[in-house]
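Overview (structure and organization)
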Amino acid sequence: MAARANVSIATVSFVVNGTKPVSQQTRERITKAIEELGYRRNAMARALASRKSRTIALIYPLLEHHNHHSFVASAAAAAEEREYHLVLWPIHSGNATAEIASLVQTGMADGVLLMEVQLEDERVNYLQQAKAPFALIGRTRELTGIDYVDIDFEHSTETAIERLAALGHTNIALVIEDFSRTPLAQYSPPVRVEEVFRTVMSTKRLSGTVFRVSHDTSAMMSLADDILGTDPETTAIIAMHDEAALALVMALPERGMQIPQDISIVGIASATTIGAVMHPPLTTYEAPGAALGRLAAEALIARLEGGGGPPTQVLVPCPPHLGASVGPAPSQARIEAKAEAADSP
């Protein structure tokens, strides 16, 4: 190839590996020779030469009810575009730092992407101490100097409340996942959503109740009764729990509550594909998984390739998808009529 382009082997190496600047004319001659000879870069040889694996590891806890497909697919695509490999590393045990150590210390991965981030996350502490390159899909409580991308739960939740309030809803319930007895007891999203929900509801002088629901089938099937029994004046529900939202759409009509005439339901950080198959179709604020996966991979690779600037810290709001599950708050006359019908034998 060097002979064909009439340059030195070192100059070819500079162009192929991008290690030193080369004039545009010389680069074009080398590129033409590469195309004519059908050269394909050997990823293993490049890794050995650079003493880097050109591999990034995406680490996440193994939870049956969480679907990471959109995050993973977009992160893998972004890595491939930059000639990196993405490997999935599900954590099977509670000793997450030991498993991460096996990746970082042995050089199997140049850097790490972390998912399902907790407010206090020992994995982050370990990576900082080891001075290992990493980026988060999510947020810890302390974010100084950390590369992260995350859903803008605060903006999305506030927007959902404001739109319901504009339709006359003054009593709104929030349904979030209950991780209290799981390895994700400090999982950040439900904590952040509950905090902003309480703040916005108080600021706007609205009433509401928070319901924490596990993924146990009986808990989800009893949710409609729990909401109607605990706070019967509820006229709207924000659910950051797709399975619970589906359970509500199924159960509320069986209890005489029409959607959205009597009660409105909104899914936040949801999968729009799930909302579309409900009846009526659920209004959702879609989790931007594809955008987050790509942005996180790009941030980590930029850091691996010498990016010494300020950390990447990006919040992506959930785009709204209007279904048919939200309507104006029912009139007081309709509410009273419903209550009378429920009390009558």
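Check the entry above for the structure.
Now for a look at the structure at hand. (Residues numbered from 1 in each chain as written. Predicted model: local features only at pLDDT ≥ 70, side-chain atom pairs only at ≥ 80, totals over all residues. Heavy atoms only, no water.)

Re helix α5 (residues 69-81)
With 13 residues, α5 extends 18 Å from end C-alpha to end C-alpha; this agrees with the ideal 18 Å at 1.5 Å per step. Among all positions of α5, only Phe71, Val72, Ser74, Ala75, Ala78 and Ala79 are buried. The inward-facing, buried residues of α5 abut β1 (55-61), β2 (85-91), β3 (111-114), β4 (134-137) and α14 (289-304). Glu83 occupies a position one or two residues after α5 and carries a positive phi of about 60 degrees. (Helix = DSSP H or I, 4+ residues; strand = E, 2+ residues; numbered from the N terminus. Expected span 1.5 Å × (residues − 1). Buried < 20%, exposed > 50% of the residue type's maximum accessible area, 1.4 Å probe, protein only. Contact = heavy atoms within 4.5 Å.)

Looking at the pattern of salt bridges
Charged atoms that come close allow side chains of opposite charge to pair. For the structure shown, the criterion picks out 16 salt bridges. A salt bridge links Arg123 to Asp121; the shortest N-O distance between them is 2.8 Å. Arg303 is the partner of Asp147 in a salt bridge, and the nearest nitrogen-oxygen pair spans 3.0 Å. Of this pair, Asp147 sits in the loop between β4 and β5 (148-151) while Arg303 sits in helix α14, placing them 156 residues apart in sequence. The class for Asp147 is buried, based on a relative accessible area of 4%. Its relative accessible area of 27% is what places Arg303 among the partly exposed residues. What you see here is one network of salt bridges that share partners, running through Glu81, Arg82, Arg294 and Glu298. (Salt bridge = Lys/Arg side-chain N within 4 Å of Asp/Glu carboxyl O.)

Brief notes about helix α9 (residues 188-203)
Helix length check: α9, at 16 residues, gives a terminal C-alpha distance of 23 Å against a target of 22 Å (1.5 Å per residue), a fit within 8%. Contact partners of the buried residues in α9: α8 (153-166), β6 (171-177), β7 (207-213) and β8 (236-240). One or two positions beyond α9, positive phi appears at Arg205, with a value near 60 degrees.

Digging into the side chain of Arg192
Along the polypeptide, Arg192 turns up in helix α9. A distance of 3.1 Å separates the side chain of Arg192 from the backbone oxygen of Thr140, its partner in a polar contact. Looking at Arg192, its side chain comes within polar contact range of the side chain of Ser188, at 2.6 Å. With residues near it in sequence (within four places) discarded, Arg192 still touches Leu119, Arg139, Thr140 and Glu154. (Polar contact = N/O pair within 3.5 Å; in protein donor to acceptor, adjacent residues only side chain to side chain.)

Details of the packing of aromatic side chains
Under the definition given, this model contains one aromatic pair. The interplanar angle of 85 degrees and the centroid separation of 5.2 Å between the aromatic rings of Phe179 and Tyr187 together place this pair among those described as edge-to-face. Each member of the pair, Phe179 together with Tyr187, is buried. (Phe/Tyr/Trp six-rings, centres within 6.5 Å; stacked < 30°, edge-to-face > 60°.)

Side note on the pairing of β6
Each regular strand shows side chains that alternate between the opposite faces of the sheet. Most of β6 is tucked away, with seven of its seven residues classed as buried. Neither face of β6 is open: one carries Asn171, Ala173, Val175 and Glu177, the other Ile172, Leu174 and Ile176, and all of them are buried. One ladder, built from seven bridges, connects β6 with β7; its direction is parallel. The partner of Glu177 across the bridge, within β7, is Val213. Taken together, β6, α9 and β7 constitute a β-α-β crossover, and its handedness is right-handed. Here five bridges tie β6 to β8, and the two strands are oriented parallel to one another. When the sheet's bridge partners are listed, Leu174 is paired in β8 with Ile238. (Pairing = 2+ DSSP bridges. Right-handed = clockwise from strand over helix to strand, strands pointing away.)

Points about the sheet that holds strand β9 (residues 264-270)
Strand order in this open sheet of six strands is β7-β6-β8-β9-β10-β12, and the pairing throughout is mixed. Strands at the two margins of the open sheet, each flanked by one partner only, are β7 and β12 (320-321). Two elements, strand β10 (residues 283-286) and β12, share two bridges in a ladder whose sense is antiparallel. Each residue of the ladder has a partner; that of Tyr285, found in β12, is Pro320. On top of the sheet, α9 reaches β6, β7 and β8; it is set at about 170 degrees to β6, its chief contact. (Axes fitted to C-alpha atoms, helices over the stretch in contact; angles between N-to-C directions.)

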